[in-house]
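Listed here are the chains, written in short residue letters.
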Amino acid sequence: MDGVIPLNKEIGQTSSDYVYKLRKVLHTKKIGHTGTLDPLVDGVLPICVGQATKLVNTLTGSPKEYEGEITLGRSTTTEDREGDTVEEKKLSQPIAVEDLNQVFQQMTGDLTQIPPMFSAVKVNGKKLYEYARAGIEVERPKRQIHIYDFYIMGDPVFDEKTGYQTLKFHVKCSKGTYVRTLAVEFGKILGYPAFMSQLTRVKSAGFSIDETFTLGQIEEMLDKNDTSFLKSIDEVLSNVPKHELTDEEWEVRVSHGGFLEPEIDSDKEDQLRVQRAGVTKALYKYDKVRDMWIPDLMLLNNK
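Residues numbered from 1 in each chain as written. Predicted model: local features only at pLDDT ≥ 70, side-chain atom pairs only at ≥ 80, totals over all residues. Heavy atoms only, no water.

- Per an unreviewed UniProt entry, the protein goes by tRNA pseudouridine synthase B and derives from Candidatus Companilactobacillus pullicola.
- The UniProt entry for the protein carries this comment under Catalytic activity (unreviewed entry): "uridine(55) in tRNA = pseudouridine(55) in tRNA".
- Looking at the Function (unreviewed entry) heading of the UniProt record, one finds this comment for the protein: "Responsible for synthesis of pseudouridine from uracil-55 in the psi GC loop of transfer RNAs." (UniProt positions renumbered as here; feature names shortened; annotations may be inferred.)

Structure (C-alpha cells):
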C-alpha cells in the first residue's frame, strides 16, 4: 500500500495519535504525517503510507493555508484559547475594517518570527514547551517565514460587554510558520494583546479540506475493501513537471541513480518528475555547476 491519505484531523487529537491509529487500521508500520497540527487545530493532515513516506519532507515543505480567528483585547500563555491570561486591554470601540486591512497587508511577504514558548521547537536538546511547563524562559531562535496571503474574512465582531473584537482570517504561509504568533503580532501592531481563538488548516500538499477523509470514514471504506481514500504518488505529484524516460535513460541512468542530460525540456528552476510507463520513479533537480539533472529523491523500487 503506497500513497498519501488526505486526512481530516479533528480537534483534541495530536498528529501522532492519527499515525498510531492508522498503523493499526492499515496494518503497516511505514507511515508518517507531513507537518504537526496542534490538538486545538483541525483540518488537512496528509498522511504518507509505504513508499510515499519518502515524500514526507517534500510535502512538509510546501506552503499551507489556514482559516481562523483572532481575538483582540486579551493575550494568553500559549497564544491560543487554551492558555492562561497574560494581559488584558479591553477595546472601548471596534477597530475599523480599513485599519485591520492595513495590518494584514503589512504582515505579508518575508517576516522574521520567534516561535512561542509552548511549541515543539528544540533548544539545547529540549522542546520549548518542556521549558515553559517548568516555568523557565529561554532564548528562542528566530526563523524566516513567508506570508503569501493574509486577509480578513467576513465582518469582524465587537462585544461591548467583554471589550473583545474577533475577526476571521485566511492565511497562506511557508513551512515553519506559527499562526498563533501571527495573531499575537497582529495585535501588537494595533496596540492590543491578542490570541488565536480558532484555527483550521484548509489546504496542505495540494489537498483542500473538501478532499479529506475522517478516520471514521476510512475505517468504513476499509470494511468495504474501498481504498480510494489513498491517493497515488502520481496524483500527489501531478503539479510537478514530468518527463517520460526513454529505455536508455531508465536502464542505464535513472535505475542506477545516474544523471540526465540538460536538454530535457523543463523549467530548470522546478523539480522534474521522471516516469517509466506512466509511473513516477524519482524526482530530479537541475544542478547548474554540473549542467545536468541530478537525483533529488528516488521514490519507487527500480523494477
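**Comments concerning the packing of aromatic side chains**
- Summed over all chains, the structure comprises five aromatic pairs.
- Between Phe 104 and Phe 150, the aromatic rings sit 4.7 Å apart at their centres with planes inclined by 85°, giving edge-to-face as the arrangement. With Phe 104 in helix α3 (residues 97–106) and Phe 150 in strand β10 (residues 143–159), this pair connects stretches of sequence that are 46 residues apart. Comparing Phe 104 with Phe 150 shows no difference in burial state: the two are buried.
- Consider the rings of Tyr 286 and Trp 293, whose centres lie 5.7 Å apart with planes at 65°: the pair is edge-to-face. (Phe/Tyr/Trp six-rings, centres within 6.5 Å; stacked < 30°, edge-to-face > 60°. Helix = DSSP H or I, 4+ residues; strand = E, 2+ residues; numbered from the N terminus. Buried < 20%, exposed > 50% of the residue type's maximum accessible area, 1.4 Å probe, protein only.)

**Concerning the pattern of salt bridges**
- Inspection of every chain in the model, using the stated rule, returns ten salt bridges.
- For Lys 168, the salt bridge identified is with Glu 69, shortest N-O distance 3.5 Å. One end of the pair, Lys 168, is in strand β11 (residues 164–173); the other, Glu 69, is in strand β4 (residues 64–72), and 99 residues separate them in sequence.
- Of the residues examined, Lys 168 reaches a relative accessible area of 43% and is grouped as partly exposed.
- Among the residues examined, Glu 69 registers a relative accessible area of 17% and is labelled buried.
- The salt bridge partner of Asp 296 is Lys 285, with a shortest N-O separation of 3.9 Å. Within this pair, whereas Asp 296 is found in strand β17 (residues 292–298), its partner Lys 285 is found in strand β16 (residues 279–287), the two being separated by eleven residues in sequence.
- Judged by its relative accessible area of 35%, Asp 296 falls in the partly exposed class.
- A residue is classified by how much of its surface remains accessible, and Lys 285, at 38% relative accessible area, is partly exposed. (Salt bridge = Lys/Arg side-chain N within 4 Å of Asp/Glu carboxyl O.)

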